[in-house]
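# Structural overview for review
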Amino acid sequence: MAKGFAIAAGVSTTALVIAGVLATTILAPSNRFEQCNVMAVAGGQLGGAFTLVNHKGETVTDEDVLTQPSLVYFGYTFCPDICPLDVVRNVDAIDVLADQGKDVKPVFISIDPERDTPEVLADYVFNFGEDMTALTGTPEQVKVASRAYKTFYQRQEGDPDYYLVDHSTQSYFVLPKQGIVQPFGRQIRPDRMAEQMACMMDAV
């Protein structure tokens, strides 16, 4: 269960919800997941190789991280409310699955590598549960991961220490070695999210 967390005081929410980020991605129903009422990404259109640094300071690749069903989210620790709410929703969905004996790993990839060092991410992980893997890297490494998942992010102008970052807010359910990434929007409830993920896990 997610632990308490602090939200940056005095900072208004300006994180950008890009509902149409996936509009250019070809989605098609998979026969295998047809009963799950999802639109599985055709031919592995989303996701791909990356090399990043985890919250323990270790250099890792996608093959090191995505060794089990995983729920991947791109955000940043200074995000005032959208990221914490989304991560809590994801952790709640994963808790529902845990009660059913299904193990899904929460993965948080920072799109703010300048501030989100491994040490900062380690504190963030503490807030949301030790099962989470949080990742950062060089700006170029983060860009490669973001492009693989077709996410958007852009730093706002302003204070060099207290700037905000506009970003897309999808979460991605990854089944290793299946070539399937299922995107979830912000509107889906954790129970419904868990139901769909459980169905996809049972289908493989």
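The text that follows walks through the structure, step by step, so that each part is easy to find. Source: prediction; values computed, not measured.

The subject of this paragraph is the overall build of the protein chain. Within the protein chain one finds five helices and nine strands. Along the protein chain, from the amino end to the carboxyl end, the secondary structure elements read β-β-α-β-α-β-α-β-α-β-β-β-β-α. By the burial criterion, 50% of the 204 residues in the protein chain qualify as buried. Across the protein chain, every contact between residues at least 6 apart in sequence was considered, and the portion connecting residues at least 24 apart equals 74%.

In this section: the nonpolar core. Considering soluble globular proteins, one finds that nonpolar side chains tend to be buried as a cluster. Within the largest apolar cluster, 38 residues are counted, with the highest numbers of intra-cluster contacts made by V72 and Y149. Among the elements of the structure, β3 (70–75), α2 (82–99), β4 (105–110), α3 (118–128), β5 (133–136), α4 (139–148) and β8 (171–175) are those that each provide at least two residues to this core. For this core, the leading source of residues is α2, giving five residues. Residues in contact with V72, not counting those within four places in the same chain, are L66, V107, I109, Y149, Q170, S171, Y172 and V174. Listed in part, the 20 residues of the second largest apolar core include L97, V104, F173 and I188.

Attention now moves to the packing of α2 against helix α5 (residues 190–203). At a minimum axis distance of 8 Å, the contact between α2 and α5 shows a crossing angle of 55°. When the axes of α2 and α5 are compared, the pair comes out oblique. The hand of the α2/α5 crossing is right-handed. Contact with α2, carried on its side by R89, N90, D92, A93, V96 and L97, involves P190, M193, A194, M197 and A198 of α5 and no other residues of that element.

The next point concerns unusual backbone geometry. One non-glycine residue, N37, lies in positive phi territory at about 55°. In this structure, N37 sits in the segment before β1 (51–54).

Every buried residue belonging to α3 is among P118, L121, Y124, V125 and F128, and all of these are buried. Burial along α3 is one-sided: seen end-on, the buried residues are contained in an arc of 110°. The outward face of α3, more than 90 degrees from its buried face, is lined by the exposed residues E119, D123 and F126. Backbone geometry just after α3 places G129 at a positive phi near 115°.

Here we take up the sheet that holds strand β2 (residues 59–61). The sheet built from seven strands is open, its strands ordered β2-β1-β5-β4-β3-β8-β9 with mixed pairing. At either end of the open sheet lies a strand with only one pairing partner, and these are β2 and β9 (180–184). Sheet twist, expressed as the average angle between the axes of neighbouring strands with direction ignored, equals 35°. Across two bridges, β1 lies against β5 in antiparallel orientation.

Considering all chains together, one arrives at one disulfide under this definition. C36 shares a disulfide with C199; S-S distance 2.1 Å. Where C36 bonds to C199 through sulfur, the torsion about that S-S bond is close to -80°, and the disulfide is left-handed. Of the two residues, C36 sits in the segment before β1 while C199 sits in helix α5, which places them 163 residues apart along the sequence. In this structure C36 comes out as buried when scored by relative accessible area, which is 4%.

Here we come to the pairing of β9. By the criterion of burial, β9 is predominantly enclosed, with five of the five residues buried. Here β8 pairs with β9 via five bridges, running antiparallel. Residue F173 lies in a different strand from β9, and its bridge partner there is Q182. In this structure, the hairpin formed by β8 and β9 is closed by a connection of four residues, where K177 is found at a positive phi of approximately 65°.

Cut-offs and rules
Residues numbered from 1 in each chain as written. Predicted model: local features only at pLDDT ≥ 70, side-chain atom pairs only at ≥ 80, totals over all residues. Heavy atoms only, no water. Helix = DSSP H or I, 4+ residues; strand = E, 2+ residues; numbered from the N terminus. Buried < 20%, exposed > 50% of the residue type's maximum accessible area, 1.4 Å probe, protein only. Contact = heavy atoms within 4.5 Å. Core = buried A, V, L, I, M, F, W, Y, C linked by side-chain atoms within 4.5 Å. Axes fitted to C-alpha atoms, helices over the stretch in contact; angles between N-to-C directions. Parallel < 35°, antiparallel > 145°, perpendicular 65-115°, else oblique. Left-handed = near helix turned anticlockwise from the far one by under 90°. Arc of directions from axis to C-beta. Pairing = 2+ DSSP bridges. Disulfide = S-S within 2.5 Å.

Read these as geometric descriptors, not functional statements.
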